[in-house]
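Residue strings, one per chain:
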Amino acid sequence: MSESRPESVDRTSVDHVNGITPDVVRHLAGLSRIALTDDEIEKLTGELGVILASIDKVSEVATPDVPGTSHPILLTNVFRADVPGETLTTAQALAGAPDHDGSRFRVTAILGEEQ
Amino acid sequence: MSLTTLTTLTAADLGRKLAAGEVSSVEVTQAHLDRIAAVDTDVHAFLHINEQALDTAAAIDKQRAGGDKLGELAGVPIAIKDVLCTIGMPSTAGSRILEGWVPPYDATVVARLRAAGLVPLGKTNMDEFAMGSSTEHSAFGPTHNPWDLDRIPGGSGGGSAAAVAAFEAPIALGSDTGGSIRQPAAVTGSVGMKPTYGGVSRYGAIALASSLDQVGPVSRTVLDAALVHDVIGGWDPRDSTSLKDEWPSFAEAARAGARQESLKGLRIGVVKELDAPGFQAGVSQRFHEALALLEGAGAEIVEVSAPNFEYAVAAYYLILPAEASSNLAKFDSVRFGLRVNPVGGGTVEDVMAATREAGFGAEVKRRVILGTYALSAGYYDAYYGSAQKVRTLIQRDFAAAFSQADVLVSPAAPTTAFKLGEKLEDPLAMYLNDVTTIPANLAGIPGMGLPMGLAPEDGLPVGIQLMAPARADDRLYKLGATLERLLEEKWGHTLLSQAPDLGPGEMFGPESGAI
């Protein structure tokens, strides 16, 4: 999966937190790579609306003058010496894989037909 | 000494008897395996029992017989939360997506346990990927509270807490992202410590929310938690968030605390916002009795205010899902764990989506979707960004509180153990169980949960939480051990000696005397 930030949610389908619609949840499920069923999407739509309404209150005190905290005890420039460390053997790395050919992980097609 | 008695001893006492040659590690380990066999069908604290346990114990006995210098806990059995990677034992984090997965490496804390001669008994149950406060979100069925099998043991580390409370293990490892060590301790009458963020390595702990997660000890006594902390703690080059501090001996702090007669000169701050009217009556009552006991021992009780704690749960449920949605991206059906091929085949992305649909439970899906939303462009600043600002405000609240008090206290959980199923369909109600414990995770400070009595209305355990500034973990062990002694002197026994019998082997005769 991509390590980058997910692309934008279509804002036209969301007016506010309580405007979470099944389409928004379906889109988020796609970004999250979870093949949710229609029943799950319906249930989550209601639940997410309620949860978001309750956590929306963070914006009440998050004024521009307050800096954010990403880690509770911030460390910077954590480096180690640039020397080879212990690594897994190929066999160890493949041991838990659903499928492999002895030296590589095996997956199905990366691209679909329309691509 | 009978084998059933061995399971009631503390880890410190077992270590002493092992060192003195009064018992062997094989005997101690066998006693705990027997206890597990007798009660774990009902309690379900364990997901896996270590088949090598007796061999490991025999090897320790051999080392001891050969005159090797061994650590204080060598030969003592320990249970390990299933969130920690263990060579030779499946590590599932309570999820179907990792069912049967045996890691190719040990978590650093596990490697340190093994090096110190402790005997891993097995892996304990937990909410899936540590998302929950009841263990009901485990893909492998809930753990039951040893005090009342119809009730939750807390979560996510309900398995570790139940294992020590049911005398299946003297000590265990847990992990605490928003209270998963301290809240289960509160509702099972056991002890749990969340160390300072960075105080214990997370290498090999299956990550939930990396800016919040911390590994720590679970036990029946403060000293036992300290002994485990001394073994697992300290800098680890494999965890880039690990602190390079030189830590004092926490066992020494606990022993000094147990000896300490007077608390004169200690300022104990009561967080006004965590002594709330919405808490269960018996929780508030026992909390105020504990305060009176501390005051009677010479401590100065001061009220402190933390106005931004009101926003802590909201900030937590933005930060946690955001980080979890990123951390759980690794479960992609390629390198480890489950793979589900959709009907008619598909691309690797279709396989991923089908796998994650089948392999993740409802709560995991809920939080991954919520986190993906909170991180989306256009919402990132409003949600994740705001939550990070709240985090700063909560750190400032703690800084102000610790300028007035050496240690802060609150109830460790707002209620006693609730019934299995009671809050399962109401995610928000479930999230509020951690209202007392979440602030410490957001600020990275250490927190300890320990028993403070039984609620009069339901006879179930209630816990107190102690909090100290970052890096002052030793203060919690010292005060925790003092409070533990004061309470046990008042009761005339330990709290867990009042737990009901579970197994066919009689553990305790009935004891009278209300707590």
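Residues numbered from 1 in each chain as written. Chains lettered and ligands numbered in written order. Predicted model: local features only at pLDDT ≥ 70, side-chain atom pairs only at ≥ 80, totals over all residues.

For this particular structure, what's the right way to read the overall build of chain A?
Of the regular secondary structure elements, chain A holds four helices and zero strands. Starting at the N terminus, the α and β elements of chain A follow one another as α-α-α-α. Burial statistics for chain A: of 115 residues in total, 21% are counted as buried. Sequence-distant contacts in chain A: of pairs separated by 6 or more residues, those separated by 24 or more amount to 35%. (Helix = DSSP H or I, 4+ residues; strand = E, 2+ residues; numbered from the N terminus. Buried ≥ 20, exposed ≤ 12 C-beta atoms within 10 Å, placed from the backbone. Contact = placed C-beta atoms within 7 Å.)

Honestly, the overall build of chain B in this entry has me stumped. Any pointers?
When helices and strands are counted, chain B shows 17 helices and eleven strands. Radius of gyration (C-alpha) of chain B: 22 Å, near the 24 Å computed for a compact globule of 515 residues. When its C-alpha atoms are laid out on the principal axes, chain B stretches across 65 × 55 × 45 Å. Residues classed as buried in chain B amount to 64% of the 515 residues present. Here the contacts in chain B between residues at least 6 apart in sequence split such that 76% fall between residues at least 24 apart. (Rg over C-alpha atoms; globule rule 2.2 N^0.38 Å.)

Help me understand the interface of chain B and chain A in this model?
Interface size is often expressed as the accessible area that is lost when the parts come together. Facing 65 residues of chain B, the contacting portion of chain A comprises 55 residues. Counting residues per element, the side of chain B that touches chain A draws most heavily on helix α14 (residues 381-402) of chain B, at eleven residues. Split into classes, the residues belonging to the side of chain B that touches chain A amount to 36 nonpolar, 19 polar and ten charged. (Nonpolar A, V, L, I, M, F, W, Y, C, P; charged D, E, K, R; others polar.)

What should I look at first to understand the pairing of strand β8 (residues 300-304) of chain B in this one?
Residues in a regular strand project their side chains so that they alternate between the two faces of the sheet. Residues and elements named next belong to chain B. Across five bridges, the pairing between strand β7 (residues 267-271) and β8 is parallel. Along β8, the bridge assignment pairs R267 with E300. In this fold, the crossover linking β7 to β8 by way of helix α10 (residues 281-296) has right-handed handedness. (Pairing = 2+ DSSP bridges. Right-handed = clockwise from strand over helix to strand, strands pointing away.)

Got a minute to help me understand unusual backbone geometry in this structure?
Glycine aside, a negative phi is what most residues show, and trans is what most peptide bonds show. Residue and element names in this part refer to chain B. Across the junction of G155 and S156, the peptide omega takes the value 10°, indicating a cis bond. Summarising the element assignment, S156 is placed in the loop between β3 (119-124) and α6 (158-165). The phi torsion at T135 lies on the positive side, around 65°, for a residue other than glycine. Within the fold, T135 resides in the loop between β3 and α6. Since 33 C-beta atoms lie within 10 Å of it, T135 is described here as buried. Backbone geometry at R471 places phi at a positive 80°, although glycine is not the residue there. With respect to the helices and strands, the residue R471 is situated in the loop between β11 (461-467) and α17 (473-491). Here R471 falls in the partly exposed class, since 19 other C-beta atoms lie within 10 Å of it.

What's the story with the nonpolar core in this structure? I'm lost.
In a soluble, globular protein the nonpolar side chains are often hidden away together inside. All names here are of chain B. V76, I78, A172, A226, A315 and L318 are the most contacted members of the largest nonpolar core, which has 188 residues in total. Considering every element that reaches this core, the biggest residue donor is helix α11 (residues 312-327), with eleven residues. Look past the residues within four positions of A172 in its chain and what remains in contact with it is I78, A79, I80, K81, T124, S160, A163, V164 and V218. (Core = buried A, V, L, I, M, F, W, Y, C linked by C-beta atoms within 7 Å.)

Can you walk me through the environment of D501(B) in this structure?
All names here are of chain B. Looking at the secondary structure, you find D501 in the segment after α17. The partly exposed category is assigned to D501, around which 13 C-beta atoms lie within 10 Å. Placed 335 residues apart in sequence, D501 and A166 show a C-alpha to C-alpha distance of 8.8 Å.

Can you walk me through the packing of helix α8 (residues 222-232) of chain B against helix α9 (residues 250-259) of chain B in this structure?
Working note: a packed helix pair is described by the angle between its axes plus the distance between those axes. Residue and element names in this part refer to chain B. The contact between α8 and α9 brings their axes to 7 Å, and the two run at 160°. In terms of axis orientation, α8 runs roughly antiparallel to α9. As α8 runs across α9, the sense of the crossing is left-handed. Seen from α8, the contacting residues are V222, L223, A226, L227, H229 and D230; seen from α9, they are F250, A251, A253, A254, R255 and A258. The residue makeup of the contact of α8 with α9, split by class, is nine nonpolar, one polar and two charged. (Axes fitted to C-alpha atoms, helices over the stretch in contact; angles between N-to-C directions. Parallel < 35°, antiparallel > 145°, perpendicular 65-115°, else oblique. Left-handed = near helix turned anticlockwise from the far one by under 90°.)

Please clarify how α17(B) should be interpreted in this entry.
It helps to recall that an α-helix has 3.6 residues per turn; residues three or four apart then point in one direction. Between its terminal C-alpha atoms α17(B) stretches 27 Å, which fits the 27 Å expected from 19 residues at 1.5 Å a residue. Of the residues trailing α17(B), G492(B) is marked for its positive phi of about 85°. (Expected span 1.5 Å × (residues − 1).)

Help me out: how do you make sense of the sheet that holds strand β9 (residues 407-411) of chain B in this one?
Within a beta sheet, neighbouring strands are joined by backbone hydrogen bonds and run either parallel or antiparallel to one another. All names here are of chain B. In spatial order, the strands read β1-β3-β2-β4-β6-β5-β10-β11-β9-β7-β8; together these eleven strands make up an open sheet with mixed pairing. Two strands lie at the open edges of the sheet, namely β1 (46-49) and β8, each paired on one side alone. Between one strand axis and the next, the sheet turns through 30° on average, direction left out of account.

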